[in-house]
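Understanding the architecture of this molecule
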There are 2 protein chains.
Amino acid sequence: MALAAFSILAPILMNRPADLLTSIENPRIKAARKLHTRKGRLAAGHLLVEGVRLLADAWQSGMRPETVFYAPEMLSGSEGSRLLAQLQETGCPCFGCAPAVFSSLAETVTPQGIAAVLPLPKLALPAQPTLLLVLDGIGDPGNAGTLLRSAEAAGADGVIVGPGTVDPFNDKVVRAAMGAHFRLPLRPCANWEEVATLLPAEMVWYVADADAPNRYDRIDWCRSCAVIIGSEAHGTSMPVRVRSTGIQIPMAGAVESLNAAVAGSVVLFEAARQRRATADR
Amino acid sequence: MALAAFSILAPILMNRPADLLTSIENPRIKAARKLHTRKGRLAAGHLLVEGVRLLADAWQSGMRPETVFYAPEMLSGSEGSRLLAQLQETGCPCFGCAPAVFSSLAETVTPQGIAAVLPLPKLALPAQPTLLLVLDGIGDPGNAGTLLRSAEAAGADGVIVGPGTVDPFNDKVVRAAMGAHFRLPLRPCANWEEVATLLPAEMVWYVADADAPNRYDRIDWCRSCAVIIGSEAHGTSMPVRVRSTGIQIPMAGAVESLNAAVAGSVVLFEAARQRRATADR
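As a starting point, this report considers the structure included with it. Source: prediction; values computed, not measured.

1. Comments concerning the interface of chain A and chain B
Taken residue by residue, the interface counts 33 residues in chain A and 33 residues in chain B. Interface of chain A and chain B: buried area, both sides summed, is about 2700 Å²; carbon and sulfur atoms make up 52% of it. Among the residues of chain A in contact with chain B, Arg149, Phe269 and Arg276 of chain A are the three that bury the most area, contributing 22% of the side total. Summed over the shared surface of chain A and chain B, the result is 10 salt bridges. Notably, a salt bridge pairs Glu270 of chain A with Arg273 of chain B, separated by 3.8 Å at the nearest N-O pair. Between the two partners, chain A and chain B, sit 14 residue pairs in polar contact (both at pLDDT 80 or more). Elements with a minimum of two residues in the side of chain A that touches chain B: α7 (141-153) and α11 (260-280) of chain A. Broken down by element, the side of chain A that touches chain B gets its largest block of residues, 9 residues, from α11 of chain A.

See below:
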């Protein structure tokens, strides 16, 4: 009986270190909290990633945490314990935290009890990208993250984060993107000149615009293309308008526009569909 | 000079009634606040709609408010003043409110100073629908609203709100749907038997499922079809699985799933694309 009880408790006991971090003023905790701001992330070259699923995605993509924080009392479920054990085995510095200390780091409503400081991902764009997503002033972090998730799923070669867009390493963007940050090249750009230098000269710029004359499904997406998505509130920025071909998604009813993440995804998956159809032939 | 000053102030002065509602305990205000809950909406047969754009959409769709509340100090911009004047002209009871009273009604972060009590929309499904969206346990109000917006834009005949889905008249759903509630038939159903009675016998049920063998772009969407979207967290419910053909959206990279609103929109716009292509022939 005693042995059975021990074997049930063992994983919990093993995760409970002798010395928990008990102060929210601990220097490591204070440094990690600074990663919730863009300024803090740029200064440190790190981001703070929270949750079992996102950390497992980062790990599987080859990202190695600088530091891991966990709260033994909050880390429930075998998946979380297994991930922590794996991180500990590889010699990654893992710090147990009292619940209040861990909560001072967490941004989610129901924290899963594990977070890690990771280097800011810097995946290289391929030399000859043929499908890029470009974000033009997307301010909503949920929409930006959903667009990154869709871009990866539709087979885009990378995402160019144009001026006026939310920082792609913002916590909410990272959560909505479901791991795309660790697998898809992202390039934040301060201005449109910088964007232009990243896009191959032969790449055609298409911008989603409800008033454009060209239907999105009549475009040849097998060519080298950039899909540019502007914000619902502010529309397309002038440098993009000058340089791009407008494309519209036909809409029934009295609908004036689509959600930005939906518009981008519909166009990206039409590109993926055409490319599959060509490959099938 | 005096005349010029008056003409600038006139629209503001005209909107400022002699007797503002100044108590958040006013019976009309208390009754309107109850419409923020599903129970309150069902009991009254009304919903509370906030903001210039949504109210203008409701008005243009022929909805007539029971009561309008506005805060003269918060209602800025000519569009809001024009809408209020139009509502007042048609004899709709409009009550000016002190800012704190209006704020007690508002759910948005920056209220636009106008809200109205409207009858719960009850648009009839067409006798022979050929494209319906069915929501299967979509709990996130932003996703549910975005799906309604996309369904209208893609030309669906209506939306069946299956069990386990957020109430479609929830404030956040209404805001994300951008007026679709006033133009697109919606049918909340308590169980799957009820859903089945609403779908024509010949209608094929397709459910989005990342593990299904059939590619969504190889389906003939010109037939009579229901597009069923389940929740990312809980997947497809059993009654749907038994009855439906699974369809998958091919995904590149290590992406395991798409955002539910994105998956539904990609399938609905593929249906719209195929139907346009057939009509063009």
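The rest of the description comes next.
2. Some points on the relation of the copies chain A and chain B
Of the transformation superimposing chain A on chain B, the axial component is 0.0 Å and the angular component is 180 degrees, with the fit at an RMSD of 0.0 Å. The transformation just described matches what one would write down for a two-fold rotation axis. A symmetric contact is evident, with 100% of the interface residues of chain A recurring at the interface of chain B.

3. A look at the sheet that holds strand β7 (residues 186-188) of chain A
Residues and elements named next belong to chain A. The strand order β7-β6-β5-β10-β8-β11-β9 describes an open sheet built from 7 strands, whose pairing is parallel. A strand with exactly one partner marks an edge of an open sheet, and here the two such strands are β7 and β9 (214-215). Sheet topology note: the strand β8 (residues 204-208)/strand β11 (residues 245-248) ladder contains 3 bridges and is parallel. Each bridged residue has a counterpart across the sheet, and for Val207 the counterpart in β11 is Gly246. α11 rests against β5 (131-136), β10 (225-230) and β11 of the sheet, and its axis sits at about 165 degrees to β10.

4. Side note on helix α5 (residues 78-89) of chain A
Note: α-helices contain 3.6 residues per turn, so residues at a spacing of three or four share the same orientation. All names here are of chain A. Taking 1.5 Å per residue as the helical rise, α5 with its 12 residues ought to reach 16 Å, and the 16 Å between its terminal C-alpha atoms agrees with that figure. Turning to α5, its buried residues number three or more, namely Gly80, Ser81, Leu83, Leu84 and Leu87. In a view along the axis of α5, the buried residues occupy a sector of 160 degrees, so they form one face of it. In this structure, α5 carries Glu79, Arg82 and Glu89 as exposed residues pointing more than 90 degrees from its buried face.

5. A short note on the pattern of salt bridges
Considering all chains together, one arrives at 24 salt bridges over all chains under this definition. Residues participating in the shared-partner salt-bridge network are Arg53, Asp57, Glu152 and Arg183 of chain A together with Glu256 of chain B.

6. Overview of the packing of helix α4 (residues 52-60) of chain B against helix α5 (residues 78-89) of chain B
Residue and element names in this part refer to chain B. The contact between α4 and α5 brings their axes to 10 Å, and the two run at 40 degrees. The angle between the axes of α4 and α5 places the two elements in the oblique class. Considering only the axes of α4 and α5, their crossing is left-handed. Across the interface between the two elements, Val52, Leu55, Ala56 and Trp59 from α4 touch Glu79, Gly80, Leu83, Gln86 and Leu87 from α5.

7. Some points on unusual backbone geometry
Residue and element names in this part refer to chain A. Phi at Met178 is positive, roughly 50 degrees, even though this residue is not glycine. Considering the arrangement of structural elements, one finds Met178 in the loop between α8 (171-177) and β7. Its relative accessible area of 27% is what places Met178 among the partly exposed residues.

8. A look at the sheet that holds strand β9 (residues 214-215) of chain B
Residue and element names in this part refer to chain B. With parallel pairing, the 7 strands of this open sheet are ordered in space as β7-β6-β5-β10-β8-β11-β9. Every other strand in the sheet has two partners, leaving β7 (186-188) and β9 as the edge strands with one partner each. As judged from the 4 bridges shared by strand β8 (residues 204-208) and strand β10 (residues 225-230), these two strands associate in the parallel manner. Its bridge partner lying in β10, Trp205 is registered against Ala226. Sitting on the sheet, helix α7 (residues 141-153) touches β5 (131-136), β6 (158-161), β7 and β10, and the angle it makes with β5 is about 175 degrees. Against the sheet, helix α11 (residues 260-280) touches β5, β10 and β11 (245-248), its axis set at about 165 degrees to β10.

9. Let's talk about the side chain of Thr67 of chain A
Inspection of the secondary structure puts Thr67 of chain A in strand β2 (residues 67-70). With relative accessibility at 13%, the residue Thr67 of chain A sits in the buried group.

10. So, the nonpolar core
Generally speaking, nonpolar side chains in soluble globular proteins are found buried as a group. Core analysis: the biggest nonpolar cluster contains 130 residues, and Ile114 of chain A together with Ile114 of chain B have the highest contact counts within it. Grouped together as the second largest cluster of nonpolar side chains are 17 residues, Ile29, Ala32, Leu105 and Ala115 of chain A included.

11. Side note on the packing of α7 of chain B against α11 of chain B
How two helices pack is summed up by the angle between their axes together with the distance between the axes. Residues and elements named next belong to chain B. Look at α7 against α11: their axes get within 9 Å of each other, and the N-to-C directions meet at 10 degrees. Here α11 runs roughly parallel to α7, going by the angle between their axes. Contacts from Asn143, Thr146, Leu147, Ser150, Ala151 and Ala153 of α7 reach α11 at Ala260, Ala261, Gly264, Ser265, Leu268 and Phe269. Tallied by class, residues from the contact of α7 with α11 come to 7 nonpolar, 5 polar and no charged.

Rules of the game
- Residues numbered from 1 in each chain as written.
- Chains lettered and ligands numbered in written order.
- Predicted model: local features only at pLDDT ≥ 70, side-chain atom pairs only at ≥ 80, totals over all residues.
- Heavy atoms only, no water.
- Contact = heavy atoms within 4.5 Å.
- Buried area = accessible area lost by both parts, 1.4 Å probe.
- Salt bridge = Lys/Arg side-chain N within 4 Å of Asp/Glu carboxyl O.
- Polar contact = N/O pair within 3.5 Å; in protein donor to acceptor, adjacent residues only side chain to side chain.
- Helix = DSSP H or I, 4+ residues; strand = E, 2+ residues; numbered from the N terminus.
- Least-squares fit on C-alpha atoms with pLDDT ≥ 70 in both.
- Pairing = 2+ DSSP bridges.
- Axes fitted to C-alpha atoms, helices over the stretch in contact; angles between N-to-C directions.
- Expected span 1.5 Å × (residues − 1).
- Buried < 20%, exposed > 50% of the residue type's maximum accessible area, 1.4 Å probe, protein only.
- Arc of directions from axis to C-beta.
- Parallel < 35°, antiparallel > 145°, perpendicular 65-115°, else oblique.
- Left-handed = near helix turned anticlockwise from the far one by under 90°.
- Core = buried A, V, L, I, M, F, W, Y, C linked by side-chain atoms within 4.5 Å.
- Nonpolar A, V, L, I, M, F, W, Y, C, P; charged D, E, K, R; others polar.

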